[in-house]
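Chain by chain, the residues:
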Amino acid sequence: MTTPATTRMNLSAGLASVTVAGLLVALKLWALGETGALSVAASLADSAMDLMVSLGAMAAILYAAKPADEDHAFGHSSAEDLAALGQSVFILVSACVIAAAAATRLWDPQPATLAAEGSGMAVMALSILLTLGLVLWQGRVARRTGSKVVAADRLHYLGDLLPNIGAIASLWASKAFGLVAVDAVVAIGAAAMLAIGAIRIGKGAWDSLMDRSADAAIVTGIGDIARDWPGVRGFHDLKTRTAGSRVFVNIHIELDGDQSLREAHDIGAGLRRAILAAYPQADVIVHKDVYHEADRTPPAAPTA
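In this report, the structure presented in the accompanying data block is examined.

Cut-offs applied
All residue numbers refer to position in the chain's written sequence, counted from 1. The model is predicted, so local features are restricted to residues of pLDDT at least 70 and side-chain atom pairs to those at 80 or more, both for listing and for counting; the totals for chains, interfaces and linings are taken over all residues. To obtain the side-chain values, all non-hydrogen atoms of the structure were included, while hydrogens and water were left out. Counting from the N terminus, the helices are the DSSP runs of H or I reaching at least four residues and the strands are the DSSP runs of E reaching at least two. Note on exposure labels: buried denotes an accessible area under 20% of the residue type's maximum, exposed denotes more than 50%, and partly exposed covers the range between, all computed with a 1.4 Å probe on protein chains only. Note on contacts: a residue pair qualifies if any of its non-hydrogen atoms lie within 4.5 Å across the two residues. In this description, accessible areas are obtained by the Shrake-Rupley approach with a 1.4 Å probe, and a residue is regarded as covered only by the protein chains that are shown. What makes two strands pair is DSSP finding at least two bridges between them. Note on geometry: axes are lines fitted to C-alpha atoms, helical ones only across the stretch in contact, with angles between N-to-C directions running from 0 to 180 degrees. Note on handedness: a crossover is taken as right-handed if, strands pointing away from the viewer, the path from the first strand over the helix to the second is clockwise. The criterion for an aromatic pair is that two Phe, Tyr or Trp rings (for Trp, the six-membered ring) have centres within 6.5 Å, with stacked assigned to planes under 30 degrees apart, edge-to-face to planes over 60 apart and tilted to the rest. For a lysine, the NZ atom is tested; for an arginine, the CZ atom; a charge sits over a ring if that atom is within 6 Å of the ring centre and within 35 degrees of the ring normal. What makes a crossing left-handed is the near helix being turned counterclockwise from the far one by less than a right angle; a clockwise turn instead makes it right-handed. We call Asp, Glu, Lys and Arg charged. Ala, Val, Leu, Ile, Met, Phe, Trp, Tyr, Cys and Pro are nonpolar, and the rest, Gly among them, are polar. Patches here: salt-bridge-free residues with over 30% relative accessible area, like charges joined within 9 Å, nonpolar side chains (Val, Leu, Ile, Met, Phe, Trp, Tyr) joined within 5 Å. Basic side-chain nitrogens of Lys or Arg form a salt bridge, by our definition, when they fall within 4 Å of a carboxyl oxygen of Asp or Glu. By the counting rule applied here, Lys and Arg register as positive and Asp and Glu as negative, while His and the ends of each chain are not counted. Each charge is placed at NZ for Lys, CZ for Arg, CG for Asp and CD for Glu. Here, expected helix span is obtained from the residue count minus one, scaled by 1.5 Å. In protein, a polar contact requires one atom able to donate a hydrogen and another able to accept it; more generally it is a pair of N or O atoms within 3.5 Å, and residues adjacent in sequence count only if both atoms are side-chain atoms.

## Topic: the overall build of the protein
Then comes step 1: Summing up its helical and strand segments, the protein has eight helices and three strands in all.
Then comes step 2: Listing each helix as α and each strand as β along the protein from the N terminus yields α-α-α-α-α-α-α-β-β-α-β.
Then comes step 3: Within the protein, the proportion of its 304 residues that are buried is 45%.
Then comes step 4: The long-range fraction of contacts in the protein, counting pairs at least 24 apart against all pairs at least 6 apart in sequence, stands at 74%.
Then comes step 5: Within the structure as shown, the protein displays about 15400 Å² of accessible surface, and the carbon and sulfur contribution to it stands at 66%.

## Regarding the environment of Ala 13
Then comes step 1: By the element assignment, Ala 13 lies in helix H1 (residues 4-35).
Then comes step 2: The class for Ala 13 is buried, based on a relative accessible area of 1%.
Then comes step 3: The sequence separation of Ala 13 and Ala 142 amounts to 129 residues, and the corresponding C-alpha distance is 8.9 Å.
Then comes step 4: Residues in contact with Ala 13, not counting those within four places in the same chain, are Trp 137, Gln 138, Val 141 and Val 150.

## Let's talk about the sheet that holds strand S2 (residues 246-255)
Then comes step 1: Read across the sheet, three strands follow the order S1-S2-S3 without closing on themselves; strand pairing throughout is mixed. This sheet does not close on itself; its edge strands, each paired only once, are strand S1 (234-243) and strand S3 (282-290). Taking the axes of each pair of neighbouring strands and ignoring which way they run, one obtains an average angle of 10° across the sheet.
Then comes step 2: Relative to S2, S1 runs antiparallel, the two sharing eight bridges.

## Looking at the pairing of S2
Then comes step 1: For S2, a buried count of eight out of 10 residues is recorded, marking the element as mostly surrounded by other parts of the structure.
Then comes step 2: Note that the unit made of S2, helix H8 (residues 261-278) and S3 has a crossover that is right-handed.

## Thoughts on unusual backbone geometry
Then comes step 1: If you check the backbone angles, Asp 237 has positive phi at about 50° while not being a glycine.
Then comes step 2: Structurally, the position occupied by Asp 237 is in strand S1.

## Remarks on the packing of aromatic side chains
To describe a pair of aromatic rings, one takes the distance between the centres and the angle between the planes.
Then comes step 1: Applying the stated criterion across every chain, the model contains zero aromatic pairs.
Then comes step 2: We note Arg 241 situated over the ring of Phe 248; from NZ or CZ to the ring centre the distance is 4.4 Å.

## A word on the packing of helix H7 (residues 216-227) against H8
Helices that pack against each other are described as a pair by the angle of their axes relative to one another and the distance between those axes.
Then comes step 1: In the contact formed by H7 and H8, the axes pass within 10 Å of each other and the chain directions differ by 145°. The two elements H7 and H8 cross, and the hand of that crossing is right-handed. Contacts between H7 and H8 involve Ile 222, Ile 225 and Ala 226 from the former and Leu 271, Ala 274, Ile 275 and Ala 278 from the latter.
Then comes step 2: Partitioning the contact of H7 with H8 into residue classes produces seven nonpolar, no polar and no charged.

## Remarks on a negative patch on the surface
Then comes step 1: Taken together, the side chains of Asp 256, Asp 258, Glu 263 and Asp 266 present a region of like negative charge at the surface.
Then comes step 2: As for its position among the elements, Asp 266 is in helix H8.

## Observations concerning H7
Then comes step 1: For H7, with 12 residues, the first-to-last C-alpha span of 16 Å sits near the 16 Å given by 1.5 Å per residue.
Then comes step 2: At the N-terminal boundary of H7, the capping side chain belongs to Asp 215, with an oxygen 2.9 Å from the backbone nitrogen of Ala 217.

## Observations concerning the side chain of Thr 240
Then comes step 1: As for its placement among the helices and strands, Thr 240 is situated in strand S1.
Then comes step 2: A polar side-chain atom of Thr 240 sits 3.0 Å from the main-chain amide nitrogen of Ala 214.
Then comes step 3: With residues up to four places along the chain from it excluded, the contact list for Thr 240 reads Arg 212, Ser 213, Ala 214, Val 219, Val 247, Phe 248 and Val 249.

## A closer look at H8
Then comes step 1: In this model H8 runs 26 Å from its N-terminal to its C-terminal C-alpha over 18 residues, within 8% of the 26 Å that 1.5 Å per residue would give.
Then comes step 2: Buried within H8 are the following residues: Ala 264, Ile 267, Gly 268, Ala 269, Gly 270, Leu 271, Ala 274, Ile 275 and Leu 276.
Then comes step 3: Close packing links the buried residues of H8 with H7, S2 and S3.

## Here we look at the pattern of salt bridges
Then comes step 1: For the coordinates displayed, the defined rule picks out one salt bridge.
Then comes step 2: The residue Arg 227 makes a salt bridge to Asp 224 at a minimum N-O spacing of 2.9 Å. Placement of the pair is Arg 227 and Asp 224 together in helix H7, with a separation of three residues, close to one helical turn.
Then comes step 3: Of the residues examined, Asp 224 reaches a relative accessible area of 36% and is grouped as partly exposed.

## Re the environment of Phe 235
Then comes step 1: As for its position among the elements, Phe 235 is in strand S1.
Then comes step 2: It is 5.5 Å that separates the C-alpha atoms of Phe 235 and His 252, two residues lying 17 residues apart in sequence.

## What about a nonpolar patch on the surface?
Then comes step 1: Taken together, the side chains of Leu 106, Trp 107, Val 185 and Ile 188 define a hydrophobic patch exposed on the protein surface, amounting to about 420 Å² of accessible area.
Then comes step 2: Those elements that provide at least two residues to the nonpolar patch are helix H3 (78-107) and helix H6 (181-209).
Then comes step 3: A relative accessible area of 49% places Val 185 in the partly exposed class.

Next comes the structure, spelled out in structure tokens:
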């Protein structure tokens, strides 16, 4: 389930993302004006896109944190998947635009000229430090909360690191050796990396919107807890689905039909608490059925 602590962590990551993106856009806009480097322009376009989608991610995190209501009995966490899917589309479009511009410059018979490479390298180095600090914090938050929005936002900035390093390399190559073409090659590489990451994030968000089952390790872990829980004679119809950072779990447990309703309730409630302790992001519903030995199909005899 979504807790206030989880929401605060997600919001802290979102606020840090918006702040860093704003600073990077301002720095890279100045650097582009000074250098005219396409690799800097590619990095600027990516940061501007990051700022836009980070603002959208903040809105999605706030909306997903709303408690369940009469119209949304299972909460609003699917907003995270919608935001992540939208982010992936924006990143993919951005990557295509950057690659097209880089290819045009690469094949242009009149090579472009760069300027103020030293200033550009200083700005890109500062961008790397800011981005590195952000992705480290976002990675910690994503691991703690399981938020797809934070994970997708982290991908944007993680994707910035290599292009920023590449931009420094291209500016240095231009200044030291006059190799202006390196700038376009770096931009194409950055675009390819962004496209691959966007497809991966988009697939994960799409799977969640299509009610894909939770990760196999989570399903196995829940089954192990139920199988060993005192009073549970067996279980069946363990079904899961994901929505945003939440995992919805439905499980039918088989209990002794001669015990009291209170005893049966205590067993089910205890199992639910155990599953929530192991998987805090889960929303668990436990159904109680009467155990019938005759309903059990004996295991098949081993074949020689």
